Amino acid sequence: MTQSLVDSAALNVLDDVVSRARKAGADAADAVMVDGRSVSIGWRLGELESLERSEGADLGLRVFIGKRQAIVSSADTSPRALDELVERAVAMAKTVPEDDFAGLADPDQLATDLPKLDGFDPTELTADQMIEMVKEAEDTARQNPAVTNSEGAQAGWSSSSVAVVGTNGMNFSWRVSNTSLSCVVLAGGGEQGMERDYEYDTTNYVDALKSPAEIGRKAAERAARRLGARRVKSARVPVIYDPRVARGLIGHLLGAINGSSIARGTSFLKDKMNQPVMAPGITIIEDPHRPRGLRSKPCDAEGLPNQRRNIIDGGTLTTWLLDLRSARQLGQAPTGHASRGTGSPPSPSATNVWIEPGEVSAEDMLAGVKEGVYVTDLFGHGINGVTGDYSRGLAGFWIEDGKLAFPINEMTVAGNLKDMFMNMTAASDLEMRFGMDAPTVRIDGMTVAGA
């Protein structure tokens, strides 16, 4: 399996490493290299707060001796360092316990047709350009009269290449780039209290990033509209999730269908394959080949083909997320969901995932709620992956007669993900901005607790 190479030098180094591993006694081996550059800028209250730049490559070698595997990583790719890397990896593999489910993909399992992802922008931002971006974002935010303090604006730019080679025939690489900008400000003070909020954007291509002025303006507006927040009495009401928090619901689903959790039997969805687990109107799609997708990749980390699929199709669960190891544990075919770093073995992980938009507009969804809660922020990690129990701190707005009546905070929202998923409705306002995206989402029958 060979792709048009973006970094032949890296592939040559990796090929040399796995060849050395075989000569040193390994039955099989694979190696991954991540080579990247990044710049980050922090700006606060009109002054430069931080400027960091990093460059470097990390190499990870995994070797197999029978059913034993070992992984060693290094940032030194000199010939002497690679000799030591191979020696340590082979020595470790001789001493670790056997793992009946470990091993590389068979050559006939490997992907042969790797798509172009359009995830790399050759534009490189300079530190001066990024300073202008963060300065404009914070200056715009501080022009709002309600803003009384700032946690600053941050910008980041990175470019990296990923290369993988294995003794089973893996030989591929790809490049990605990323640009991000955020601003966090505080509004109010004194008796009215002080509230904090933010705006953030991240893209592959520099010219697709939201403008610094828009980032700053939205951060200020969001902080200002939270002033005067209070608690309300506990109630069982409909809850509407703003898109920026609704995408977290996808994360809870992905954790529950992760092959490692299924193999251990520690997921509340472990017995739900090909059964309804969400409302009939909900479809959730994954597309690893989405052009300019922030999580796009041409194949998975073990060289297996990946593909667009409906993870949830009209409410029905259609797949687990399986790498080779979890697939072998479950006696199933792998699904091409392996992900890995240089110092760890592969594990299941999704790529670009989103909830398909529904038919009702966000405005009509809100108008249909007589009393309820509109959530803009969630806090804490009160999720039990075994039972599905869900409890999070929240900030947002109380809904009365289909309108946002006043801001609320210091409250919790609770339920069980099994019930939440079955009572979910998606609005029509999906915007594809991140690697995990959702429209506005309504969930009926949740408990909110406050005063």
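Preceding this paragraph is the structure being described.
Residues numbered from 1 in each chain as written. Predicted model: local features only at pLDDT ≥ 70, side-chain atom pairs only at ≥ 80, totals over all residues. Heavy atoms only, no water.

Moving on, we come to the sheet that holds strand β3 (residues 68-74). Read across the open sheet, the 6 strands follow the order β3-β2-β1-β4-β5-β6; overall the sheet is antiparallel. Only two strands of the sheet have a single partner each, and these edge strands are β3 and β6 (194-203). Looking at each pair of strands side by side, their axes are set apart by 20° on average, direction ignored. Sheet analysis places strand β5 (residues 171-188) next to β6, joined by 10 bridges and oriented antiparallel. Counterpart to Ser 182 in the pairing with β6 is Tyr 200. The sheet contacts of helix α2 (residues 79-93) involve β2 (47-65) and β3, and relative to β3 the element is tilted by about 155°. (Pairing = 2+ DSSP bridges. Helix = DSSP H or I, 4+ residues; strand = E, 2+ residues; numbered from the N terminus. Axes fitted to C-alpha atoms, helices over the stretch in contact; angles between N-to-C directions. Contact = heavy atoms within 4.5 Å.)

Our next topic: the packing of helix α3 (residues 127-142) against helix α4 (residues 212-224). The angle between the axes and the distance between the axes are what describe a pair of packed helices. Between α3 and α4, the shortest axis-to-axis distance is 7 Å and the interhelical angle comes to 35°. Crossing angle aside, the handedness with which α3 passes α4 is right-handed. Residues Met 133, Glu 136, Ala 137, Thr 140 and Ala 141 of α3 lie in contact with α4, whose contacting residues are Pro 212, Ala 213, Gly 216, Arg 217 and Ala 220. Looking at the contact of α3 with α4 residue by residue, the classes come out as 6 nonpolar, 2 polar and 2 charged. (Left-handed = near helix turned anticlockwise from the far one by under 90°. Nonpolar A, V, L, I, M, F, W, Y, C, P; charged D, E, K, R; others polar.)

Now for the pairing of strand β19 (residues 441-449). Two strands pair when backbone bridges link them, and strand β7 (residues 235-241) and β19 are joined in this way by 6 bridges, in the antiparallel orientation. Bridging from a neighbouring strand, Ala 235 pairs with Val 448 of β19. As paired strands, strand β16 (residues 403-416) and β19 are joined by 3 bridges and run antiparallel to one another. Among the inter-strand pairings, Ala 414 is bridged to a residue of β19, identified as Thr 447. In this sheet, β19 lies alongside strand β17 (residues 424-426) in antiparallel orientation, the contact comprising 3 bridges. Looking at the pairing, Met 424 lines up with Ile 443 of β19.

Here the focus is unusual backbone geometry. You will see that Asn 274, though not glycine, has its phi angle at about 60°, which is positive. Here Asn 274 shows up in the loop between α6 (259-264) and β8 (284-286). Residue classification places Asn 274 among the exposed positions, given a relative accessible area of 56%. One non-glycine residue, Asp 401, lies in positive phi territory at about 50°. (Buried < 20%, exposed > 50% of the residue type's maximum accessible area, 1.4 Å probe, protein only.)

What follows covers the pairing of β2. Bridging between strand β1 (residues 28-44) and β2 involves 17 bridges; their strand directions are antiparallel. Considered in β2, the bridge of Arg 37 is made with Glu 55. Of the pairings in the sheet, the one linking β2 to β3 comprises 7 bridges and is antiparallel in character. Paired with Leu 59 across the bridge in β3 is Ser 74. The antiparallel pairing of β2 with β3 creates a hairpin that spans 2 residues between the two strands, and Gly 66 there sits at a positive phi of about 65°.

As enumerated under the stated definition, the model contains 28 salt bridges in all. Glu 195 is the partner of Arg 226 in a salt bridge, and the nearest nitrogen-oxygen pair spans 3.7 Å. Note that Arg 226 is positioned in the loop between α4 and β7 and Glu 195 in strand β6, a separation of 31 residues in sequence. You can call Glu 195 buried: its relative accessible area is 9%. In this structure, Arg 222 engages Glu 199 in a salt bridge whose closest nitrogen and oxygen atoms are separated by 2.5 Å. In this pair, Arg 222 sits in helix α4 while Glu 199 sits in strand β6, placing the two residues 23 residues apart along the sequence. Glu 199 shares its class with Arg 222; the two are buried. One network of salt bridges, in which partners are shared, links Glu 195, Asp 197, Arg 226, Arg 244 and Asp 377. (Salt bridge = Lys/Arg side-chain N within 4 Å of Asp/Glu carboxyl O.)

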